[in-house]
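Geometric and topological summary
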Amino acid sequence: MTIAWRKFALLLLAVLTALTAACSSGSGGETGGSSGGDGVGEVSDISGTVRVALAGWQLENGLDTQTGKKTVGLNDFLKNTFNKMYPNIKLELYQIPWENVKAKQSAMLLSKDVDVLYTGGAFASQWYNEGLLRDIDDLIEADSSFDPSIYLEGIWNNSYSTKSPDGTKQFGIPAVLGRRMIIYDKKLFEDWGVEPLSDKPSPEEILEKAKRMTGKNPKTGADNYGLHWSGNSLNGSTFVALTLAFGAPGAEGTLTDPKSITWKLNSPEMVKVMEWIKEAAVLPPPGFVNGQGAETFGLENNNIAIGIDTTGGATMSEFMTNNNRELLDRFEPVMNMGPNGEGWVAVDPFVMAKDAQNVEASWEVMKFLSGYETQKYRYDNFASTPTLKNADFVSEEDKFIRMALKIAEVGHSELMDEANPFYMSDIVPAVNGFISEAATGNAPDIQQFLDDLQQRAEKWSANLK
Amino acid sequence: MSPRKRLLTRNDLTGYLFNAPLIAGVAAFAVYPMAAALYMSFRQTEGSVVSGAWVGLSNYSYVLEDSQFWKALGNTFYMGVLSVLLGIAISFIMASLINSLKWNLGKNFFKGVYFLPNVVSAVATSLLFSFLFYPGKEGLLNFMLGWLGLDPVGWFTDPRYSRLSIVLMSLWGAVGYNTIIFLAGLQSVPRDLHEAAEVDGAGSFKRWLHITIPYLRPIFFFMLVMGTIGGMKRFTDVWLLGGTAGNPSGSLMTAVLYIYRNAFLASQMGVATAASYLLFIIILALTAILLLLNRKKGGPD
């Protein structure tokens with residue numbers, strides 16, 4: 001190699017090194033959310049090791065892929081807060097991706113390798129029924145520092161994710177809320193000359209207005225769709241909201257004893273639910289059957305007038321990234337379809353394993369991770385929806401989270417819920433199948449469809465010994 | 001009189017000792033789960049716990065009387081048969097074309113190009129195809145159909161096309177792998193057979209039909225068996241595209257999706273394991289039939 005080439009190679013190496021250093025430098029980019037820790041001191045000398053399995057939580061610092069902001073990982077947050085407050089409690093954190101989380105956390109519970117878990121509400125409910133989780137009523141009673149009234153009442157009192165099926169025992173603390181609300185596009189409503197949705201729209205109002213806004217936009221000439229919801233939703237949340245709206249509980253009984261459930265799936269009220277679905281299924285973009293079609297909902301090029309069970313995430317991300325207030329004003333959230341504006345509310349709780357090794361220390365960990373400080377940290381960094389009555393850290397502009405909290409406040413769990421095994425394995429798939437047939441104009445006979453579902457449900461119950 | 005043979009010689013013991021880790025692994029991770037699943041299929045289980053009340057054949061009769069199971073099985077067969085037959089035919093033709101290329105660099109280029117989709121995960125493939133096969137006119141394929149004046153097709157949303165679309169998607173992923181296997185087989189066909197046939201005046205198509213294809217029969221058979229087993233276990237792509245309902249209209253619900261629904265959504269491990277064993281028996285029977293058919297025809301040489 002000639003000297004000139006060597007010099008060139010060295011120069012190239014130097015430039016690359018400088019570039020790498022610049023890219024990884026901490027000075028660039030927007031700073032992210034809080035890592036807590038202001039004025040934190042020791043609050044307890046309880047000692048022990050607690051093994052915590054967290055579904056989907058980010059442990060290391062990183063970047064928000066949508067907004068580009070830096071996010072603080074749980075490890076750093078705990079270093080600044082929990083470790084100072086409880087210096088003698090050693091945490092062993094296991095991060096588990098949401099994919100197949102149930103199988104992995106079930107294995108940890110069965111092998112007694114975990115004390116505290118953050119998980120999906122339906123999983124928690126099923127584990128509780130299987131006797132794998134511990135009641136926490138005694139711990140709450142003995143701890144004067146724990147105040148259950150800080151949590152939203154609708155969630156604390158009525159969620160299968162944290163309460164036993166008969167509602168007498170508490171086994172979880174709600175930590176993160178799912179966001180599902182009706183959002184409409186004010187611009188499309190104006191283009192079509194349609195009155196805005198009311199604060200608590202009924203299914204009839206939604207359907208009537210959606211029908212009027214399906215077709216060629218009178219102002220822009222673009223193809224518009226009056227309505228969208230996910231036609232292959234795993235938990236059938238829109239179906240749940242409709243059963244609440246039409247007073248069709250679908251079943252009577254308790255999940256404590258699933259074989260004693262009396263199924264009422266072919267009631268006249270349920271017929272009304274399916275009739276609504278049949279009429280509504282021709283309005284969304286065709287991809288909704290497979291959960292597609294709403295890629296631009298909440299954004300500039302949106303062509304859907306009303307989105308059911310949407311989060312407002314796309315609009316909020318635009319606002320956070322580009323301060324796009326126009327979009328924020330354009331998309332308006334309202335309550336869900338239930339009589340009081342309720343709908344299905346997902347709650348992800350912290351729960352304690354039945355065989356937790358150190359109950360006292362585990363309780364402190366569980367309490368802290370579902371408490372105010374952690375919920376604030378999760379909101380600041382990951383826009384997680386809190387479960388608190390007084391979530392004063394939620395930004396003024398975040399009207400979507402505020403609406404989600406309002407809906408959760410009036411929430412209640414019924415038997416049409418993901419905690420119900422037959423609901424998940426058969427009812428939701430059957431309803432989704434019905435939606436896909438109705439979308440192509442080939443909906444089956446509703447009464448026959450419901451009679452068949454009823455028959456299968458009765459057979460399912462009969463098979464339980 | 002020869003000395004009485006010892007039950008276990010030192011050599012035997014050493015052999016067993018070396019094999020012990022493998023045997024222990026197979027016992028713990030293959031034999032035990034299979035036995036536990038069989039045990040669970042006769043029980044009314046609660047969640048993932050193996051124990052539960054003995055219910056005899058109740059779980060099996062529940063599955064066999066469930067119309068959803070038969071529907072799932074029908075879908076599985078439909079997609080499996082089409083995937084296997086089309087997959088074998090297309091990949092064999094591709095392999096033959098690549099093999100006939102005189103240009104070595106071109107051969108390697110096409111091998112690489114066709115094998116590439118095989119390294120893409122089923123999740124990424126499903127995502128990609130959900131946009132390629134987007135049901136509106138914005139979808140790439142429908143956009144092209146629009147040039148011909150044709151209406152958009154609901155590839156994954158219309159039950160008339162959804163299973164076929166899944167077959168096309170799986171072909172995209174599998175053809176490359178099958179092509180490589182066939183290419184290896186094609187290169188092992190003795191040249192002297194071809195030369196002798198050429199001397200006798202046989203053209204290239206006749207030689208392909210009467211020498212190459214019969215010679216590759218074991219490979220065809222291998223593909224058929226492996227394809228059948230794989231086809232009967234179809235899950236990831238249909239689940240990602242059709243959800244737990246196997247939308248549209250349950251046309252994408254396969255036998256494994258039925259098992260998944262019962263195991264992980266309803267926590268009915270007893271029913272799920274009974275369905276798994278029924279599927280196992282079906283796959284076993286299909287493989288046995290294929291083996292018998294192959295034996296009847298006799299070996300390739």
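Residues numbered from 1 in each chain as written. Chains lettered and ligands numbered in written order. Predicted model: local features only at pLDDT ≥ 70, side-chain atom pairs only at ≥ 80, totals over all residues. Heavy atoms only, no water.

Some thoughts on the overall build of chain A
Keep this limit in mind: Secondary structure is summarised from DSSP: a helix means a run of H or I of at least four residues, a strand means a run of E of at least two, and numbering begins at the N terminus for each. Taken over C-alpha atoms, the radius of gyration is set against a globule rule of 2.2 Å times the number of residues to the power 0.38. Classification of residues uses two cut-offs on accessible area relative to the type maximum, computed with a 1.4 Å probe and protein chains only: under 20% is buried, over 50% is exposed, and between them is partly exposed. In this description, contact between two residues means that some pair of their heavy atoms is separated by no more than 4.5 Å.
For chain A, the count of helices and strands is 18 helices and 14 strands. Its C-alpha radius of gyration of 25 Å places chain A within 12% of the 23 Å reference for a compact globule of 465 residues. Buried positions account for 55% of the 465 residues belonging to chain A. Here the contacts in chain A between residues at least 6 apart in sequence split such that 75% fall between residues at least 24 apart.

Observations regarding the interface of chain A and chain B
We apply this condition: Accessible area that two parts lose when put together, evaluated with a 1.4 Å probe and summed over both, is termed the buried area. Throughout this description, the term salt bridge denotes a Lys or Arg side-chain nitrogen within 4 Å of a carboxyl oxygen of Asp or Glu. Two N or O atoms form a polar contact when they lie within 3.5 Å of each other; inside protein one atom must be a possible hydrogen donor and the other a possible acceptor, and for residues adjacent in sequence the pair counts only when both atoms belong to side chains. Any residue that is not Ala, Val, Leu, Ile, Met, Phe, Trp, Tyr, Cys, Pro, Asp, Glu, Lys or Arg is counted as polar, Gly included; the first ten are nonpolar and the last four charged.
Each side of the interface is counted separately: chain A has 34 residues, and chain B has 35 residues. Taken together, both faces of the contact between chain A and chain B bury some 3,000 Å²; the carbon and sulfur share is 49%. Of all residues in chain A, the largest losses of buried area upon contact with chain B belong to E130, N290 and N463 of chain A, amounting jointly to 18% of the total for that side. Linking chain A to chain B there are two salt bridges. On inspection of chain A and its partner chain B, the count reaches 16 residue pairs in polar contact (both at pLDDT 80 or more). Those elements that provide at least two residues to the side of chain A that touches chain B are α4 (101-110), α5 (121-129), α17 (421-439) and α18 (446-463) of chain A. It is α17 of chain A that contributes the most residues to the side of chain A that touches chain B, nine residues altogether. The residue inventory of the side of chain A that touches chain B, partitioned by class, reads 10 nonpolar, 15 polar and nine charged.

Examining the packing of helix α11 (residues 268-280) of chain A against α17 of chain A
Residue and element names in this part refer to chain A. Convention followed: Inter-axis angles, ranging from 0 to 180 degrees, are taken between N-to-C directions of lines fitted to C-alpha atoms, where helices are fitted over the stretch in contact. Roughly parallel here means an angle under 35 degrees, roughly antiparallel means over 145, roughly perpendicular means 65 to 115, and every remaining angle is called oblique. Handedness of each helix crossing follows the sense of rotation of the near helix against the far helix: counterclockwise by less than a right angle gives left-handed, clockwise gives right-handed.
Where α11 contacts α17, the two axes come as close as 8 Å, and the packing angle between them is 40°. Judged by the inter-axis angle, α11 sits oblique to α17. Once α11 is placed against α17, the crossing between them reads as right-handed. The residues of α17 that touch α11, namely those facing M274, I277 and K278, are V431, F434, I435 and A438.

With respect to the pattern of salt bridges
All names here are of chain A. Applying the stated rule across the entire model yields 26 salt bridges over all chains. Of the charged contacts in the structure, one is a salt bridge between K367 and D143, with a shortest N-O distance of 2.5 Å. A residue pair is termed long-range when its members are at least 10 positions apart, and K367 in helix α14 (residues 359-369) and D143 in the loop between α6 (137-142) and α7 (153-158) qualify at 224 residues. Here K367 falls in the buried class, since its relative accessible area comes to 12%. One salt bridge in this structure joins K186 and E332, with 3.7 Å as the shortest N-O distance.

Overview of the sheet that holds strand β7 (residues 181-185) of chain A
Hydrogen bonds between backbone groups are what pair the strands of a sheet, and the pairing can be parallel or antiparallel. Residues and elements named next belong to chain A. Selection rule: Strand pairing requires that DSSP identify at least two bridges connecting the strands.
Strands sit in the order β8-β9-β12-β7-β13 across an open sheet of five strands; the sheet is mixed. Looking at strand neighbours, the two that pair on one side only are β8 (215-216) and β13 (331-334), the edges of this open sheet. Helix-sheet contacts for helix α16 (residues 399-409) involve β7 and β13, and the interaxial angle to β13 is about 10°.

Side note on the domain arrangement of chain A
Residue and element names in this part refer to chain A. Using the following cut-off: Here the limits of each domain have been adopted from an automatic or database domain assignment.
Domain annotation of chain A identifies domain 1 (3-178 + 346-409) and domain 2 (181-344 + 420-462). Spacing between the C-alpha centres of domain 1 and domain 2 amounts to 30 Å. When domain 1 packs against domain 2, the two sides together hide about 1,800 Å² of surface, and 67% of this comes from carbon and sulfur. Between domain 1 and domain 2 we count two salt bridges in total. In this structure, K399 and E332 form a salt bridge, with 3.1 Å as the shortest nitrogen-oxygen distance. Taken together, the connections running from domain 1 to domain 2 amount to four residue pairs in polar contact (both at pLDDT 80 or more). The biggest single contributor to the side of domain 1 that touches domain 2 is α16, with six residues.

With respect to the environment of E318 of chain A
Residue and element names in this part refer to chain A. Note that E318 resides in helix α12 (residues 313-322). Since its relative accessible area comes to 24%, E318 is described here as partly exposed. For the pair E318 and L59, spaced 259 residues apart in sequence, the C-alpha to C-alpha distance is 26 Å. Dropping the residues within four chain positions of it, E318 is found in contact with L299, N323, N324 and L327.

Things to note about a nonpolar patch on the surface
Operational definition: Note on patches: the residues involved have over 30% relative accessible area and no salt bridge, like charges join within 9 Å, and the nonpolar side chains Val, Leu, Ile, Met, Phe, Trp and Tyr join within 5 Å. All accessible areas in this document rest on Shrake-Rupley with a 1.4 Å probe, and a residue is counted as covered only by the protein chains that are shown.
A cluster of nonpolar side chains, namely L140, F143, M144, W147, L148 and L150 of chain B, defines an oily patch on the protein surface of about 700 Å² accessible area. Along the chain, F143 of chain B falls in helix α6 (residues 140-147).

Remarks on the UniProt feature "domain: ABC transmembrane type-1" (unreviewed entry) in chain B
Rules: UniProt positions are given in the numbering used here, feature names are shortened, and annotations may be inferred rather than shown by experiment.
The feature "domain: ABC transmembrane type-1" (unreviewed entry), as given by UniProt, occupies residues 73-290 of chain B in the numbering adopted here. Regarding residues 73-290 of chain B, the helix share stands at 75% and the strand share at 0%, and the terminal C-alpha atoms are separated by 19 Å.

Remarks on the sheet that holds strand β1 (residues 48-55) of chain A
Residue and element names in this part refer to chain A. Taken together, the five strands give an open sheet; going across it, the order is β4-β1-β5-β14-β6, and neighbouring strands pair in mixed fashion. What marks the edges here is a single partner per strand, and that holds for β4 (89-96) and β6 (172-177). Ignoring strand direction, the axes of neighbouring strands in this sheet form an average angle of 20°. Across three bridges, β1 lies against strand β5 (residues 116-118) in parallel orientation. Its bridge partner being in β5, L54 is matched across the sheet by Y118.

Considerations on helix α12 (residues 255-265) of chain B
All names here are of chain B. Most of α12 sits out of view: nine of its 11 residues are buried. Within the span of α12, buried status applies to A255, L257, Y258, I259, Y260, R261, N262, A263 and L265. Of the residues one or two after α12, S267 is the one with positive phi, at around 55°.

Description of the nonpolar core
Soluble, globular proteins show a tendency: their nonpolar side chains are buried together. All names here are of chain A. Stated formally: Within this scheme, the nonpolar core is defined by two criteria: the residues are buried Ala, Val, Leu, Ile, Met, Phe, Trp, Tyr or Cys, and they are joined through side-chain atoms within 4.5 Å.
W276, I277 and I306 are the most contacted members of the largest nonpolar core, which totals 90 residues. Broken down by element, the residue count for this core peaks at 10 residues, all from α17. Core analysis: the second largest hydrophobic core is formed by 80 residues, A53, W127, L177 and M335 among them.

Some details on the packing of aromatic side chains
For clarity, the cut-off: Aromatic rings from Phe, Tyr and Trp, with only the six-membered ring used for Trp, were paired whenever their centres fell within 6.5 Å, and each pair was classed as stacked if the ring planes differed by under 30 degrees, edge-to-face if by over 60, and tilted otherwise. Cation placement over rings: the criterion is NZ of Lys or CZ of Arg within 6 Å of the ring centroid and within 35° of the ring normal.
Inspection of the entire model under this criterion finds 47 aromatic pairs over all chains. In this structure an aromatic cluster arises from ring pairing among F77, F82, Y86, F368, Y377 and F382 of chain A. Of note, R378 of chain A hangs over the ring of W57 of chain A, and the distance from its end group to the ring centre comes to 4.2 Å. The aromatic ring of Y78 of chain B is capped on one face by R163 of chain B, whose charged end is 4.0 Å from the ring centroid.

Side note on the layout of surface pockets
Keep this limit in mind: Here a cavity is any set of points on a 1 Å grid over the protein atoms alone where a 1.4 Å probe fits but cannot get out, and a pocket is any open set with protein on both sides within 12 Å along at least 5 of 7 lines; a residue lines the site when it has an atom within 4 Å of a point. Grid points are joined across faces, edges and corners, and a volume is the space filled by probe spheres set on the points.
Estimates place the volume of the second largest pocket at around 940 Å³. Along the walls of the second largest pocket sit 34 residues, with P33, A37, F264, M269 and T273 of chain B positioned nearest its centre. Within the residue set of the lining of the second largest pocket, elements represented by two or more residues are α4 of chain A together with α1 (10-40), α12 and α13 (269-297) of chain B. Per element, the largest residue contribution to the lining of the second largest pocket is nine residues, and it comes from α1 of chain B.

Quick notes on the side chain of D348 of chain A
All names here are of chain A. Quick reminder of the rule: Positive charge is attributed to Lys and Arg, negative charge to Asp and Glu, and no charge count is given to His or to the chain ends.
With respect to the helices and strands, D348 occurs in strand β14 (residues 347-352). Despite its burial, D348 pairs with no opposite charge, the nearest such side chain being R378 at 7.8 Å. Within the structure, D348 has its side chain in polar contact with the side chain of Y118 (distance 3.3 Å). Those residues within four positions of D348 in sequence are excluded, and the remaining contacts are W98, Y118, T119, G120, G121, P174, A175 and V176.

Observations concerning the environment of Q58 of chain A
Residue and element names in this part refer to chain A. Relative to the helices and strands, Q58 is located in the loop between β1 and β2 (62-63). Remark: the alpha-carbon pair of Q58 and N75, spanning 17 residues in sequence, is separated by 8.6 Å. In this structure, Q58 is in contact with T71, G73, L74, Q95, Y377, R378 and F382, ignoring residues within four places of it in sequence. In terms of polar contacts, Q58 uses its side chain to reach the backbone carbonyl oxygen of E60, at 2.7 Å.

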